[in-house]
Amino acid sequence: MPSQGFNTEFLSVPVSLPRLGESLLEVAWEYGEPLHYEHFSLVMNRETKMAFYTAHNIDRQTLMSLKRARWKLDPRVDIDYQAGPEVYKNNVWDRGHMVRRAAITWGSRPEASQANKDSFFYTNANLQHAKFNQDEWLELENWLLEEEDLDDKLSVFTGPINTINDQPYRGTYIPSAFWKVIVFTKGGELQCRAFLMKQSEFWDDHDGRNTLNLESYQVSLTQITELTDLYFQQELYDTNPMFYSPNNFTTSNDIDTPEMRPIESPTDIVDNRGKYTDIVQELWDADDNRFDVTRLADGRWMNENADIRLYEQGYRRPGKRDLAKFFLFDEVNTDKLMFLPSYQAFKRLIDNYNELERDEEKYSDVELAEIEHFLDTCFARYDDEDRISLMESVYQYITDDQSEGGLGFAQAKLTEMPFTSATFGEGQCIDLTSIETFRETVRNIWFGLYTNNFGNRQVKHASGFEHVFLGEIKREGSRYEIGGYHFWAKFFWDEQNGSGGKADLEYLGSFYDGPEGNLNTDVATLAMSWRVGEKIAWKEKGGFFVGMSPECLLALGTMLTFESFRNDTQPLSFFDGESKRRAAINGWRYDLVLYRETLKNQDRGFHLRSFYPVLKSRDNRDPLLAPHSNTDVLLYDEGDVVIASAMPNPPGVGDQNEWVSIRNETPGLIDVTGWQIRTKSGTTVLREKTKLPPGREHKIVVRAGGGGAALSNKGTVIELLDTEDTVISKVEYKSVSRRAEGQVLNFS
C-alpha cells in the first residue's frame with residue numbers, strides 16, 4: 001500500500017501543506033507536487049536538488065526506537081534532481097535529516113519500520129555542518145520529543161533558507177540557515193511556534209575547529225515566509241506569538257522587529273503576549289458590518305457566496321487609458337447595504353458636500369443633524385451589548401498606558417491640542433475626559449471645516465470626511481485631478497449612477513507593486529476617472545479597503561490620527577516618517593498613510609486631511625537573511641510582463657551565458673514570441689515561439705553566440721519591448737562586482 005504522507009487531518013484542527021510562491025514553482029520538481037512517504041511529505045527543488053520543505057506528523061505516545069537504515073536515492077525523482085552520496089563524501093557536511101527519523105517511528109511496528117526506512121531517502125537530506133547537525137539543531141529536535149507542555153500529537157514543517165549568498169558546493173548549494181515550524185493544539189485551538197538557525201558561520205570554519213556559539217532563534221512565521229517564499233495557512237500566522245512588524249507594544253518593551261529571540265532552553269520560548277492584541281487587526285476582526293469579498297481565479301469566483309464580487313482588470317498601470325471593459329464591482333449585496341444603519345447614515349451625507357474643492361462648504365441644521373446620526377451609528381454597540389463598539393476600542397487604546405500597549409494619552413481635556421475650526425464652537429480642543437467628549441473630538445477631527453495651507457496653496461472649507469469618504473475634484477494647472485476618494489461603497493454607488501448611458505465614475509484598471517497583490521481580497525489599487533457635469537478628473541493611482549464598514553474606516557482613521565499625535569513628540573518605531581504607519585492585516589503588509597491639516601506656519605494641526613492604505617509587497621526593514629535583495633536595483637513602472645531578474649556576471653570566462661528572466665503578471669496566457677530585450681549595447685529577440693502562462697517566468701540568454709543585449713558589469717538599463725516596439729517593462733541596475741560571479745539581481 002503506498003504511503004499516505006503528511007496527514008492534514010492529524011490534529012483536531014486541519015493543517016494544510018504550505019503553498020509555494022511563484023518564484024519556487026518555476027524550479028519545483030513536478031510543479032510542486034509533494035512526494036509522500038510514511039508519516040511525512042516533501043516538495044523538491046530541482047535547482048538545489050534538495051527539498052524546499054518537509055512536513056511530518058509526530059505521535060509521541062507510540063514512538064519506538066529502531067536501528068538506522070541505509071541511505072538511498074528515491075527512484076521517483078530524476079537522478080539529476082536529487083543530491084546523492086557524492087555530495088556528502090569526505091567532508092564535514094552531514095546528511096542532515098530534514099525529517100528526523102526518531103520523530104516518525106511511531107504507530108504500528110510495520111508503519112514505524114517503513115517510516116524509519118523512508119527517512120533515509122536522499123530527498124530527505126540537506127547539507128548541515130557536522131557540528132550544526134549534532135549539537136544545536138539536535139537540542140531543538142529533542143525538545144520536540146521530550147517537552148511535557150506540548151501535546152502528544154504535533155505537525156512539524158522544516159526546510160532550508162536559500163539565499164543569493166549560499167555557497168556553491170558539488171553541484172548544489174550549502175543553505176545559509178534552516179527553519180522549523182511546530183504546530184499543535186491547545187484547548188482545541190491551533191498553536192504555532194517558528195524557529196530558525198543560521199549555519200553560515202561555518203563557511204569560514206569548514207572543519208569545525210573553532211568553538212562557535214550558534215543559537216536557535218524563535219521568530220515570527222511571517223519572517224519564515226519572507227525568507228522562503230512559502231505561504232502557510234492563515235490561522236498559523238494568527239497564532240504565532242512573535243512580532244514581525246513594529247507596534248506600540250514592541251516600542252514600549254524595547255523589542256526589535258522582526259523579532260528574533262535566542263533560545264537556549266525551552267523556558268526561553270514565548271507562548272503568548274498576555275493581554276496584547278494588535279489594534280489594527282483587532283479593529284478589522286471586530287468589524288461585524290464588513291462585507292465578504294471574492295475575486296476571480298482561473299475564471300471562477302473564489303467564494304460564490306461572498307457579498308462583493310470584485311472584478312479587477314488590466315493588471316498594469318493604465319495612466320489615463322481605460323484597460324477595464326467592465327465595472328470593478330461585478331456584484332454587491334445591495335440588500336445588506338440597505339439594511340445596515342451606518343451605510344444608510346453615510347449615504348445621507350453624500351449630498352451635503354460640493355464635488356469641486358473650490359466651492360464653499362457649510363452645514364445646514366439638517367446636515368448637522370445627519371452628521372450626529374452618522375456618528376451615533378458608528379459609536380453604537382453591535383447586537384451583543386457586552387461587546388464594545390469599534391470607536392470605544394479606539395478610545396481605550398488611546399488612553400491605555402503605554403506599558404499595556406496603549407498610547408498613554410490622559411483622560412482629560414488637552415488644551416494644548418486646539419482645533420482651528422469653529423464649526424462646532426470656538427475654542428474647541430482634543431478632549432478625552434470621557435467617551436462622550438471623545439465623540440465630540442472625533443466629530444471635530446473629521447467634520448470640522450478648516451483651512452489647509454499646503455505650501456503656497458490655500459484650501460478653505462476643507463473636511464477630512466469629505467476628502468476620505470467622498471472624494472473631491474481639484475484643479476491642477478489645465479487639468480482636473482481627484483483628491484481622496486477612499487471608501488468602497490461610494491465607488492460602487494458612483495459606478496451605478498450616471499446619465500446618458502455613461503457612468504459618472506470610470507474604473508480604468510488595477511495594478512499592484514508586488515506579483516501577488518491581485519490575490520489580496522481586502523484592498524483595491526486602481527486608476528479612475530470621475531465626471532461631474534462637464535468636468536472630467538483623473539486619479540492615476542488610488543485605492544481603498546474593500547468591504548470595510550464606515551464605522552471601521554472612521555475608527556482606523558481616528559486611531560491613526562492619535563498615533564500621529566503621539567509620534568510628533570515620541571517617535572513610534574512603526575511609523576515611517578510623519579505620515580506612514582506600517583501595519584499587517586490578515587498576513588498582508590500595508591502602509592497606512594495619514595495626512596493632517598497644514599497650518600499657516602506649515603506645522604501640522606489636529607484635523608485629519610487624508611487617510612488611505614497602500615498594499616506593500618514586502619516590509620521596509622531588512623530581514624535576518626536577504627534572499628532576494630539588491631540595494632543597487634532601481635525599478636520603473638511595470639506592465640503585463642515584467643523583467644523579474646537578471647545575471648550580468650555569470651560564472652566562468654566570457655559573457656555568453658548572461659540572461660534576463662521575464663514574468664507574466666496577468667491571469668491569462670501571453671504570447672511573447674518576437675519580443676525583445678534591449679540594452680545600450682544591443683537587442684536580443686525572442687525568436688522561439690513562447691507563450692507565458694499566468695505567473696510563470698521565462699529565462700532568456702541574451703548573448704548566446706555573441707552580440708545581443710549585453711549586460712554590463714558597470715550597470716545598464718534593461719528594456720522589454722513587444723512586437724510593436726512598445727516598452728512593456730524597464731529596469732536599471734548599477735555596477736556589479738566582477739568577484740560576484742553568479743549573482744542574480746532580483747527586480748521584483
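What counts, and where the lines are drawn
- Residues numbered from 1 in each chain as written.
- Predicted model: local features only at pLDDT ≥ 70, side-chain atom pairs only at ≥ 80, totals over all residues.
- Heavy atoms only, no water.
- Helix = DSSP H or I, 4+ residues; strand = E, 2+ residues; numbered from the N terminus.
- Buried < 20%, exposed > 50% of the residue type's maximum accessible area, 1.4 Å probe, protein only.
- Contact = heavy atoms within 4.5 Å.
- Areas by Shrake-Rupley, 256 points an atom, 1.4 Å probe, with all protein chains shown as cover.
- Pairing = 2+ DSSP bridges.
- Axes fitted to C-alpha atoms, helices over the stretch in contact; angles between N-to-C directions.
- Parallel < 35°, antiparallel > 145°, perpendicular 65-115°, else oblique.
- Nonpolar A, V, L, I, M, F, W, Y, C, P; charged D, E, K, R; others polar.
- Expected span 1.5 Å × (residues − 1).
- Polar contact = N/O pair within 3.5 Å; in protein donor to acceptor, adjacent residues only side chain to side chain.

Further remarks concern the overall build of the chain. On a plain count of helices and strands, the chain comes out with 17 helices and 44 strands. Buried positions account for 55% of the 748 residues belonging to the chain. A separation threshold of at least 6 residues defines the contact pool for the chain, and within that pool the share at least 24 residues apart is 66%. In the structure as shown, the chain presents an accessible area of about 32,800 Å², 44% of it carried by carbon and sulfur atoms.

Here we take up the environment of Ser-393. Looking at the element boundaries, Ser-393 is found in helix H13 (residues 390-399). Sequence spacing of Ser-393 and Ala-286 is 107 residues, and the spatial spacing of their C-alpha atoms is 9.6 Å. Apart from the residues lying within four places of it in its own chain, the contact partners of Ser-393 are Ile-279, Glu-282, Leu-283 and Ile-388.

Attention now moves to the pairing of strand S32 (residues 588-598). Burial analysis of S32 places nine of its eleven residues in the buried class, which makes it a mostly covered element. Sheet analysis places S32 next to strand S33 (residues 604-616), joined by nine bridges and oriented antiparallel. Residue pairing in the sheet places Leu-594 in a bridge with Phe-611 of S33. In sequence, S32 turns back onto S33 through a hairpin of five residues, with Gln-602 there showing a positive phi of about 75°.

This next bit is on the sheet that holds strand S17 (residues 308-310). Pairing in this open sheet of four strands is mixed, and the strands run S16-S15-S17-S18 from one edge to the other. Among the strands making up the open sheet, the edge pair consists of strand S16 (300-301) and strand S18 (329-332). By the bridge criterion, two bridges tie strand S15 (residues 293-297) to S16 in an arrangement that is antiparallel. Across the sheet, Ala-297 pairs through a bridge with Arg-300, a residue of S16. On the sheet, helix H16 (residues 488-496) packs against S17 and S18 and is oriented at approximately 105° with respect to S18.

Quick look at the sheet that holds strand S7 (residues 153-161) now. Strand order in the open sheet made by the eight strands is S2-S3-S4-S7-S10-S11-S12-S14, with antiparallel pairing throughout. Either end of the sheet is taken by a strand with one partner, and the two such strands are strand S2 (35-37) and strand S14 (260-263). Adjacent strand axes in the sheet meet at a mean angle of 25°, parallel and antiparallel pairs treated alike. Set on the sheet, helix H6 (residues 221-228) makes contact with S7, strand S10 (177-186), strand S11 (189-198), strand S12 (216-219) and S14; between it and S11 the angle comes to about 50°.

A separate point is the packing of helix H12 (residues 365-379) against helix H17 (residues 550-569). Helix packing geometry: the angle between the two helix axes and the distance between the axes. At their nearest, the axes of H12 and H17 sit 9 Å apart, and the two run at 85° to each other. Taken together, the axis directions place H12 and H17 in an arrangement best described as roughly perpendicular. In this structure, H12 uses Phe-374, Leu-375 and Cys-378 to contact H17, whose residues at the interface are Pro-550, Glu-551 and Leu-554. Counted by class, the contact of H12 with H17 contains five nonpolar, no polar and one charged residues.

For helix H14 (residues 435-447), spanning 13 residues, the distance from its first C-alpha to its last is 18 Å, which sits close to the expected 18 Å at 1.5 Å a residue. In terms of burial, H14 is largely enclosed, as ten of its 13 residues are buried. Summarising the contacts, the buried residues of H14 are in contact with H12, H13, strand S20 (429-431), helix H15 (464-470), H17 and S33.

Another aspect to go through is the side chain of Glu-367. By the element assignment, Glu-367 lies in helix H12. A distance of 2.9 Å separates the side chain of Glu-367 from the backbone nitrogen of Ser-364, its partner in a polar contact.

Burial within strand S6 (residues 125-129) is extensive, with five of its five residues counted as buried. Of the two faces of S6, the one carrying Ala-125, Leu-127 and His-129 and the one carrying Asn-126 and Gln-128 are both buried. Looking at chain direction, strand S5 (residues 93-97) and S6 are connected through five bridges and run antiparallel. When the sheet's bridge partners are listed, Asp-94 is paired in S6 with Gln-128.

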